[in-house]
Amino acid sequence: MDITTPENISPETPTPETTTPETVGLAPGLYIVATPIGNLGDVTRRAIEVFGLVDAIACEDTRVTGKLMAHLGLKKPLRRYDDHADASARDALIDLMRTAPVALVSDAGTPLISDPGYRLVRAARAAGIAITSLPGPSALITALTLAGLPTDRFLFGGFLPGKDKARADVLTELAGVPATLVFYDTGPRLADTLDAMARLLPRREIAVARELTKLFEECRTGSATDLAEHYRNHPPRGEIVVLAGPPVAAEAPDDAAIDAALIEALARLPMSKATKDVARALGVDRHALYRRALELQGETGADAP
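None of the values given here were measured: they were computed from a predicted structure.

S.K.: For the overall build of the chain, give the residues involved together with the corresponding values.
M.R.: A tally of regular secondary structure across the chain gives 12 helices and 10 strands. Looking at the chain residue by residue over its 305 residues, the buried ones come to 41%. Within the chain, residue pairs in contact and separated by at least 24 positions form 69% of the contacts whose partners lie at least 6 positions apart. Only carbon and sulfur atoms are counted for the fraction: they give 52% of the accessible area of the chain, which is about 16,500 Å².

S.K.: Describe the pattern of salt bridges, with residues and values.
M.R.: Any two side chains of opposite charge can pair, on the condition that their charged atoms come close. The tally for this structure, following the rule as stated, stands at 18 salt bridges. We note a salt bridge from D169 to K165, for which the minimum N-O separation is 2.9 Å. Here K165 and D169 lie together in helix 7 (residues 164-174), a separation of four residues that amounts to about one turn. On the basis of relative accessible area, K165 is assigned to the partly exposed category, the value being 40%. A salt bridge links R268 to D169; the shortest N-O distance between them is 3.1 Å. Taken together, the positions of R268 in the loop between helix 10 (255-266) and helix 11 (271-282) and D169 in helix 7 put the pair 99 residues apart, joining distant regions of the chain. You can call D169 partly exposed: its relative accessible area is 24%. Overlapping salt bridges bring together K165, D169, R199, E264 and R268 as one network.

S.K.: Which residues make up the side chain of E60, and what values do they have?
M.R.: Checked against the element boundaries, E60 lands in the loop between strand 2 (56-59) and helix 3 (62-72). Of the side chains with opposite charge, R80 lies nearest to the buried E60, which makes no salt bridge, at 8.2 Å. Once residues lying within four places of it in the same chain are set aside, the contact partners of E60 are R80, Y81, D82, V105, S106, D107, D115 and P116.

S.K.: Report on the environment of C59, specifying residues and quantitative values.
M.R.: Counting through the fold element by element, C59 comes out in strand 2. Separated by 22 residues in sequence, C59 and Y81 place their C-alpha atoms 5.3 Å apart. Among residues more than four places away in sequence, those in contact with C59 are T65, L78, R79, R80, Y81 and V105.

S.K.: Break down the nonpolar core for me, with residues and values.
M.R.: By size, the foremost hydrophobic cluster in this structure holds 22 residues, and its most contacted members are L171, L194, M197 and I206. Of all the elements in the fold, those that place two or more residues in this core are helix 7, strand 7 (180-186), helix 8 (190-200), strand 8 (206-210), helix 9 (224-233) and strand 10 (239-244). For this core, the leading source of residues is helix 8, giving five residues. Core analysis: the second largest hydrophobic core is formed by 16 residues, Y81, L93, A100 and V102 among them.

S.K.: Outline the pairing of strand 7, listing residues and values.
M.R.: The buried count for strand 7 comes to six of seven residues, which makes it a mostly enclosed element. Pairing of strand 6 (residues 154-159) with strand 7 involves four bridges; the strand directions are parallel. Residue pairing across strands places F159 opposite Y184, the latter belonging to strand 7. Taken together, strand 6, helix 7 and strand 7 form a β-α-β motif whose crossover is right-handed.

S.K.: Kindly report on the sheet that holds strand 1 (residues 29-33), identifying the contributing residues and their values.
M.R.: Ordered by their spatial adjacency, five strands build an open sheet running 3-2-4-1-5, and the pairing between neighbours is parallel. With partners counted over all chains shown, the strands left at the sheet margins are strand 3 (78-80) and strand 5 (131-134), one partner each. Within this sheet the neighbouring strands show an average axis-to-axis angle of 25°, counted without direction. Sheet topology places strand 2 next to strand 4 (residues 101-104); three bridges connect them, and they run parallel. For A56, the partnering residue across the bridge sits in strand 4 and is V102. Across the face of the sheet, helix 5 (residues 118-126) comes into contact with strand 1, strand 4 and strand 5 while running at roughly 150° to strand 1.

S.K.: Before we move on, can you summarise the pairing of strand 1 with the specific residues and values?
M.R.: Extensive coverage of strand 1 is indicated by the burial of five of its five residues. Judged from the four bridges that link them, strand 1 and strand 4 form a sheet pairing that is parallel. Bridge pairing in strand 4 places I32 opposite L104. Where strand 1 meets strand 5, four bridges bridge the pair, whose relative direction is parallel. From the neighbouring strand, V33 faces strand 5, where its bridge partner is L134.

S.K.: Provide a residue-level description of helix 4 (residues 87-97), including the pertinent values.
M.R.: Of all the residues in helix 4, the buried ones are R90, L93, I94, L96 and M97. Looking straight down helix 4, one finds its buried side chains confined to an arc of 160°; they lie on one side. As for helix 4, its buried residues are in contact with strand 1, strand 2, strand 3, strand 4 and helix 5.

The rules behind these values
- Residues numbered from 1 in each chain as written.
- Predicted model: local features only at pLDDT ≥ 70, side-chain atom pairs only at ≥ 80, totals over all residues.
- Heavy atoms only, no water.
- Helix = DSSP H or I, 4+ residues; strand = E, 2+ residues; numbered from the N terminus.
- Buried < 20%, exposed > 50% of the residue type's maximum accessible area, 1.4 Å probe, protein only.
- Contact = heavy atoms within 4.5 Å.
- Areas by Shrake-Rupley, 256 points an atom, 1.4 Å probe, with all protein chains shown as cover.
- Salt bridge = Lys/Arg side-chain N within 4 Å of Asp/Glu carboxyl O.
- Lys, Arg positive; Asp, Glu negative; His and termini not counted.
- Core = buried A, V, L, I, M, F, W, Y, C linked by side-chain atoms within 4.5 Å.
- Pairing = 2+ DSSP bridges.
- Right-handed = clockwise from strand over helix to strand, strands pointing away.
- Axes fitted to C-alpha atoms, helices over the stretch in contact; angles between N-to-C directions.
- Arc of directions from axis to C-beta.

See below:
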């Protein structure tokens, strides 16, 4: 198969790579543009060219995007568009895209990746609007490349819930996925997240990536227990990427480990659901777990489900 690259395109063939924006402008439509996640030097040349040619920029926070435009020496109409925007704001942007180029950005990184934009892109596609996505910075990909965990298969779980039960439910649901798990989290919740991972994702290597592309960039790896202790003693700020390596083969858990997992699950779930989740996480027989759960609760003689 022949693959066309900038190196083998004929100079006579007009393409965006061989014709300057000043001479061709931009066609009407939606341009999804990734922005720096920390280091402003990561903004791409193509992104700067598109920003200079669009008629408007839809953004989460006009103050944040305004600072980026000032850094680039550009002045552009900024229209706020976030998860709270109503249908009229979305329709107004769609109407503009029919006759003019419009950029979509988030505060940092690639739009739609745990950031607003999904509804706007879907509406633009339904309206027959041309859509172009410019690749660029992403905290998800940056963290994966730093962590040293397997990347042949990974699952992005977005932001973990802040409440203990909801967080535990998500981790339990994903515990059996044979892939590196990637989540976004915040500094105040990080230690609690790592405590939950220690209980529900045992024996996995964990990585915490923070301050990505900035002066104090850090990627710390180890067990969830050790990392929880570190960050409880050194509370971090800002948004953070937490990664858990794939499940690893291990010896069958002993009775004490099974009891600890059951007690934790029974404290937040009905017995049937608790035994099902623990069985999946630990790879043990659910019926035996149910009988053990009855014993732990002081009940005897009930049939397993």
